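A closer look at the structure
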Amino acid sequence: MQISFDKIGLEEIDFKFKVERYQTKGVFCKISKHLVKLHCQLTGMLETNCNRCGEFVNIKIDEIVSFLISNKTYNKKEALEVVEIDGDIIDLAGLIKGELISIKAGYYQCKSCETDKNLFEKEY
Ligand SMILES: [Zn+2]
């Protein structure tokens, strides 16, 4: 899903679409001339491997994702969390995909490793 920066107004617009096997649902609107705020919920199942033992695991993903998007360049001191775009097109699916990559790169454990870890921590 792509939207034109110029066409976004101050009123919140709902959106809902699928990226890979994940559902995303949220709103976006302009908060100033060069700044768009996007807020959404990302849900789905992540199939990955336990980072500890390599066992296959299914992780339920339910994340709130927020972005500030700007078509002008910010200096880092002004805003840390601003996604700068070139030109006028905001690639929503691309932004969500980027977010998915970092979610997928997270640290996940299977149930038995989690239990294991809890026991381990209790010993201290
Ligand atoms: Zn494990």
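Look above for the structure.
Residues numbered from 1 in each chain as written. Predicted model: local features only at pLDDT ≥ 70, side-chain atom pairs only at ≥ 80, totals over all residues.

**A closer look at the overall build of the protein**
Along its length, the protein carries 2 helices and 7 strands. Seen in sequence order, the protein has helices and strands lined up from the N terminus as β-β-β-β-β-β-β-α-α. Burial status across the protein gives 11% buried among its 124 residues. Within the protein, contacts between residues separated by at least 24 positions form 46% of all contacts whose residues are at least 6 apart in sequence. (Helix = DSSP H or I, 4+ residues; strand = E, 2+ residues; numbered from the N terminus. Buried ≥ 20, exposed ≤ 12 C-beta atoms within 10 Å, placed from the backbone. Contact = placed C-beta atoms within 7 Å.)

**Things to note about unusual backbone geometry**
Phi at E20 is positive, roughly 55°, even though this residue is not glycine. You can see E20 is positioned in the loop between β2 (13–19) and β3 (22–32).

**A closer look at the environment of I8**
Note on placement: I8 falls in the loop between β1 (2–4) and β2. By C-beta crowding, I8 is classed as partly exposed, having 18 other C-beta atoms within 10 Å. Apart from residues lying up to four places away in sequence, I8 is in contact with I3, F28, C29, K30 and V36.

**Side note on the sheet that holds strand β4 (residues 35–49)**
With mixed pairing, the 5 strands of this open sheet are ordered in space as β2-β3-β4-β5-β6. On the outer flanks of this sheet lie β2 and β6 (82–84), each paired with one strand and no other. Taken pair by pair, the neighbouring strands of this sheet meet at an average axis angle of 35°, ignoring direction. (Pairing = 2+ DSSP bridges. Axes fitted to C-alpha atoms, helices over the stretch in contact; angles between N-to-C directions.)

**Here's the deal with the environment of N58**
As for its placement among the helices and strands, N58 is situated in strand β5 (residues 56–70). N58 sits 50 residues away from Y108 along the chain, and the two C-alpha atoms are 9.6 Å apart. Every residue in contact with N58, bar those within four places of it in the chain, is listed here: M45 and E47.

**Let's talk about the nonpolar core**
One finds F28, V36, L38, C40, F67, I69, I90, L92, L95, I96 and L100 forming the largest nonpolar core, which totals 11 residues. Among the elements of the structure, β4, β5 and α1 (92–104) are those that each provide at least two residues to this core. If you tally residues by element for this core, the top one is α1, at 4 residues. Once residues within four sequence positions are removed from consideration, I96 is found in contact with V19, T24 and L42. (Core = buried A, V, L, I, M, F, W, Y, C linked by C-beta atoms within 7 Å.)

**Examining the pairing of β5**
Bridging between β4 and β5 involves 15 bridges; their strand directions are antiparallel. Each bridged residue has a counterpart across the sheet, and for E47 the counterpart in β5 is N58. In this structure, the hairpin formed by β4 and β5 is closed by a connection of 6 residues, where G54 is found at a positive phi of approximately 85°. Where β5 meets β6, 3 bridges bridge the pair, whose relative direction is parallel. Bridging across to β6, L68 finds its partner in V82.

**Things to note about the pairing of β2**
Two elements, β2 and β3, share 7 bridges in a ladder whose sense is antiparallel. Directly across from K18, in β3, lies its bridge partner Q23. Between the end of β2 and the start of β3, which pair antiparallel, lie 2 residues, with E20 showing a positive phi angle near 55°.

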